[in-house]
Amino acid sequence: MAGNENTGGDFSFSAAAARDALPRITTEKGAKSSDVCHDDTAPRVNFQTIDELHSLQKKRSAPTTPLKEGGGVVMGTSGPTTPSSGETMLQSVSASLASLTRETGPKLIRGDPTSAAKVAHVPHTPTSVPAADVSDSGLKFTHILHNLSPAELYEQAIKYEKGSFVTSTGALATLSGAKTGRSPKDKRVVKDETTASELWWGKGSPNIEMDEQTFLVNRERAVDYLNSLDKVFVNDQYLNWDPENRIKIRIVSARAYHSLFMHNMCIRPTPEELENFGTPDFTIYNAGKFPCNRYTHYMTSSTSVDINLGRREMVILGTQYAGEMKKGLFGLMHYLMPKRKILSLHSGCNMGKGGDVALFFGLSGTGKTTLSTDHNRYLIGDDEHCWSDAGVSNIEGGCYAKCIDLSREKEPDIWNAIKFGTVLENVVFDEHTREVDYNDKSVTENTRAAYPIEYIPNSKIPCVGPHPKNVILLACDAFGVLPPISKLDLAQTMYHFISGYTALVAGTEEGVKEPRATFSACFGAAFIMLHPTKYAAMLAEKMQAQGATGWLVNTGWSGGSYGSGSRIKLAYTRKIIDAIHSGSLLNATYQKTEIFGLEIPNEVEGVPSEILEPMNAWEDKDAYKDTLLKLAGLFRNNFETFTSHKIGEDGKLTEEILAAGPNF
Ligand SMILES: Nc1ncnc2c1ncn2[C@@H]1O[C@H](COP(=O)(O)OP(=O)(O)OP(=O)(O)O)[C@@H](O)[C@H]1O
Ligand SMILES: O=C([O-])CC(=O)C(=O)O
Ligand SMILES: [Ca+2]
Ligand SMILES: [Mn+2]
């Protein structure tokens, strides 16, 4: 035995002693040695190999999800005599993806390319095109990932799309690429015989024309791109919760991110509805990863977002920003719904416990999502609605919330909605913990979360409600001169609705400190299809018929413009909104402001009275007056284009609306 005396340490023991120190394993009396370390799994009855074990993991699911293990759908030869719903779907998608110049629809297979079975879909209309017209693309297979579940889409995104990660709360973080917002200058609308007379064209209109031929060039480019891929995602979904005016839409896209975004944003069909889906009313070809060709007529950049109402199609090239799809469909609704005497609205909408409905109009970033998401009320929707003779209905099945500076304290419901299933666009997160830093603008200021509406605990499903009682116009006035709250008469409501004012602060990168006024008719000029006065006339008629009250709420600056004043606290704006909902503001005493002639209440519960009259909150009264006049001038200039238009049948209302603007 080696002596340890010399070390003088406490840990001196020999290896043999250490071994002796280990406790001996003692077994119970009578136990057989084979029981000491026993395996408690049940007998293996169902599998003999690891592959068989794996095959047990996945159970066949609901009627309309994959029909055959491994994803193959047999068409033509060995299929049943009457087409199953899966075959009908593939035939329908094949027709959607057909090139217009060559063979008919491509050969499609259901399921992921990595999953086994390679069974061809033979197009339902056998081709009789000359051999010279047949291309190699007609010989390959495209896999169709049809209405995948969020879990399946997560897997697709994480496996195949760079920049996809699961965040600490389970959301799917994605990157939208070079474009982190919409590209309104790249939007084109096909001008044909019908749309030439029906739509709003020319100065101020968002509808930049394109001819049918050029649309087909872009469509073919998109379809060829999509067919060149191994797989495409197809979403068959609905728009509009009003069952009588529901629209069937199909979205064909190249990214799991796009498919999950639309899964969340549009109305999700039940398995039965999906089985009987039939032919879509409108199809989006999202080839956003692929640019448009700048040699193509009408193209002024490598991005093109093209709407063809006649063909009921939309093509996206050169932008992966998912909001393009949502707002493209909104444009469609702005065309279809007014034809049915239904008003389409860029507004949020919620309902009190007593059934009182409020609409929240406003341009991007003014507070539609934030203020319609209200713990004390039912959420009908945050961004797009219809107002018909029956009441209101949400167009969408989800919400699209701005996330910049999001906090759990100020917006708990939105915060909690950012969980498994939610798409989180362009946010920055800790590489290890995957905790999101909502204050980080490194990718963009326009960070967003898209979640199904039922992620908001008090959402109202189905998302419909009675006629609105309050119509709230939101303006984020970075000039700081509009009152935090004012009551509007009908003419004023129309004036401000047509003006569609906001003044967000311009991007910090450019070092612009001056607020810039934005006027966007109907609080959504980028999406309207008809002349703004058409929507305004419908709004006036509906508000009048229902006795709804109009309000103007400034969610922007107080006590000075951007730079000297500060943004009105969200908590105060919420109190103001509470007072509108409760009806208490109707009983307040009012005073009229100079120039804009707005009625401001002397008191709102929970809001410091000194901020209610904007001038009081400004230290420099002259600066206030100058700024007010400046803004009034901007309003007047903007409204000039509308002065020659009659609003509705009533010439009297037109006069009143013109008089309802600033007076100076
Ligand atoms: N007083 C306030 N009232 C409303 N929102 C405020 C206020 N102060 C700060 N905010 C912030 O302003 C933003 C409002 O954005 P919101 O997502 O509600 O816009 P939106 O009108 O829904 O726009 P979009 O149509 O682009 O979705 C939120 O980030 C919110 O936290
Ligand atoms: O459409 C978008 O990208 C976001 C949005 O809601 C808007 O801008 O009104
Ligand atoms: Ca919103
Ligand atoms: Mn919006």
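You'll find the structure just up there.
Residues numbered from 1 in each chain as written. Chains lettered and ligands numbered in written order. Predicted model: local features only at pLDDT ≥ 70, side-chain atom pairs only at ≥ 80, totals over all residues. Heavy atoms only, no water.

Colleague: I tried to follow the packing of helix H12 (residues 490-499) against helix H16 (residues 621-639) on my own but got confused; where do I start?
Modeller: Packed helices, taken two at a time, are described by their axes: the angle between them and the distance between them. Direction vectors running N to C along H12 and H16 enclose 80 degrees, while the axes themselves pass 10 Å from each other. For the element pair H12 / H16, the angle class is roughly perpendicular. Across the interface between the two elements, Tyr-495, His-496, Ile-498 and Ser-499 of H12 pack against Phe-635, Arg-636, Asn-638 and Phe-639 of H16. Classifying every residue of the contact of H12 with H16 by side-chain character gives four nonpolar, three polar and one charged. (Axes fitted to C-alpha atoms, helices over the stretch in contact; angles between N-to-C directions. Helix = DSSP H or I, 4+ residues; strand = E, 2+ residues; numbered from the N terminus. Parallel < 35°, antiparallel > 145°, perpendicular 65-115°, else oblique. Contact = heavy atoms within 4.5 Å. Nonpolar A, V, L, I, M, F, W, Y, C, P; charged D, E, K, R; others polar.)

Colleague: Can you walk me through the site of ligand 1 in this structure?
Modeller: Near ligand 1 lie 21 residues; those nearest to it are Ser-364, Lys-368, Thr-370, Glu-411 and Arg-448. Gly-365 places a polar main-chain atom, nitrogen or oxygen, 2.8 Å from an oxygen atom of ligand 1. Note that an oxygen atom of ligand 1 is positioned 3.1 Å from one of the side-chain N or O atoms of Asp-383. Contact with the protein chains covers 90% of the free accessible surface of ligand 1, which is 650 Å². Sorting the residues of the shell around ligand 1 by element identifies helix H10 (368-372), strand S17 (398-402) and helix H14 (570-582) as the ones contributing at least two each. In terms of residue count, the dominant contributor to the shell around ligand 1 is H10 (three residues). Looking at the shell around ligand 1, its residues break down into five nonpolar, nine polar and seven charged. Domain assignment of the residues forming the shell around ligand 1 places at least three in each of domain 2 (172-465) and domain 3 (469-659). (Near = heavy atom within 4 Å. Polar contact = N/O pair within 3.5 Å; in protein donor to acceptor, adjacent residues only side chain to side chain. Areas by Shrake-Rupley, 256 points an atom, 1.4 Å probe, with all protein chains shown as cover. Domains from an automatic or database assignment.)

Colleague: What is the right way to read helix H9 (residues 323-339) from this model?
Modeller: One turn of the α-helix equals 3.6 residues, which is why residues spaced by three or four share an orientation. A rise of 1.5 Å per residue sets the reference length of H9, with its 17 residues, at 24 Å; its end C-alpha atoms lie 25 Å apart and thus fit the reference within 8%. Two residues or fewer past H9, Lys-341 is found with a positive phi of approximately 65 degrees. (Expected span 1.5 Å × (residues − 1).)

Colleague: Please clarify how helix H4 (residues 150-160) should be interpreted in this entry.
Modeller: Every buried residue of H4 is accounted for by Pro-150, Leu-153, Tyr-154, Gln-156 and Ala-157. Taken down its axis, H4 places every buried residue within 165 degrees of arc, on the same side. Away from its buried face by more than 90 degrees, H4 exposes Glu-155 and Lys-159. The secondary structure elements touched by the buried residues of H4 are strand S2 (141-146), strand S3 (165-166), strand S4 (172-174), strand S7 (231-239) and helix H7 (256-265). (Buried < 20%, exposed > 50% of the residue type's maximum accessible area, 1.4 Å probe, protein only. Arc of directions from axis to C-beta.)

Colleague: How should the site of ligand 2 be read in this particular structure?
Modeller: Taken together, Arg-182, Tyr-321, Lys-326, Lys-327, His-346, Ser-364, Asp-383, Tyr-400, Arg-448 and Phe-527 make up all the residues around ligand 2. Between Lys-327 and ligand 2, the recorded distance is 2.7 Å, taken from a side-chain N or O atom to an oxygen atom. Between ligand 2 and His-346 there is a distance of 3.2 Å, counted from an oxygen atom to a side-chain nitrogen or oxygen. Summarising the interface, the protein chains cover 94% of the accessible area of ligand 2, which totals 260 Å² for the free molecule. Considered class by class, the residues forming the shell around ligand 2 number three nonpolar, two polar and five charged.

Colleague: I keep staring at the coordination of the manganese ion (ligand 4) and nothing clicks. Help me out?
Modeller: Each donor-metal-donor angle in an ideal tetrahedron of four donors is 109.5 degrees, and each such angle in an ideal octahedron of six donors is either 90 or 180 degrees. Only Lys-327 (NZ), His-346 (NE2), Asp-383 (OD) and Asp-383 (OD) from the protein reach the manganese ion (ligand 4) as donors, at distances of 2.2 to 2.7 Å. Here the manganese ion (ligand 4) and the calcium ion (ligand 3) are spaced 4.9 Å apart. Here Lys-327 is found in helix H9, whereas its partner His-346 is found in strand S12 (residues 343-351), with 19 residues between them in sequence. Each member of the pair, Lys-327 as well as His-346, carries the same accessibility label: buried. (Donors = N, O, S within 2.8 Å, 3.2 Å for Na, K, Ca; no water.)

Colleague: Got a minute to help me understand the side chain of Ser-393 in this structure?
Modeller: With respect to the element layout, Ser-393 can be found in strand S16 (residues 391-394). Using a relative accessible area of 3% as the deciding quantity, one classes Ser-393 as buried. Of note is the side chain of Ser-393, whose polar atom sits 2.7 Å from the side chain of Asn-240. Sequence-distant contacts of Ser-393, that is, excluding residues within four places in its chain, are made with Asn-240, Trp-241, Asp-242, Glu-384, His-385, Cys-386, Cys-463 and Val-464.

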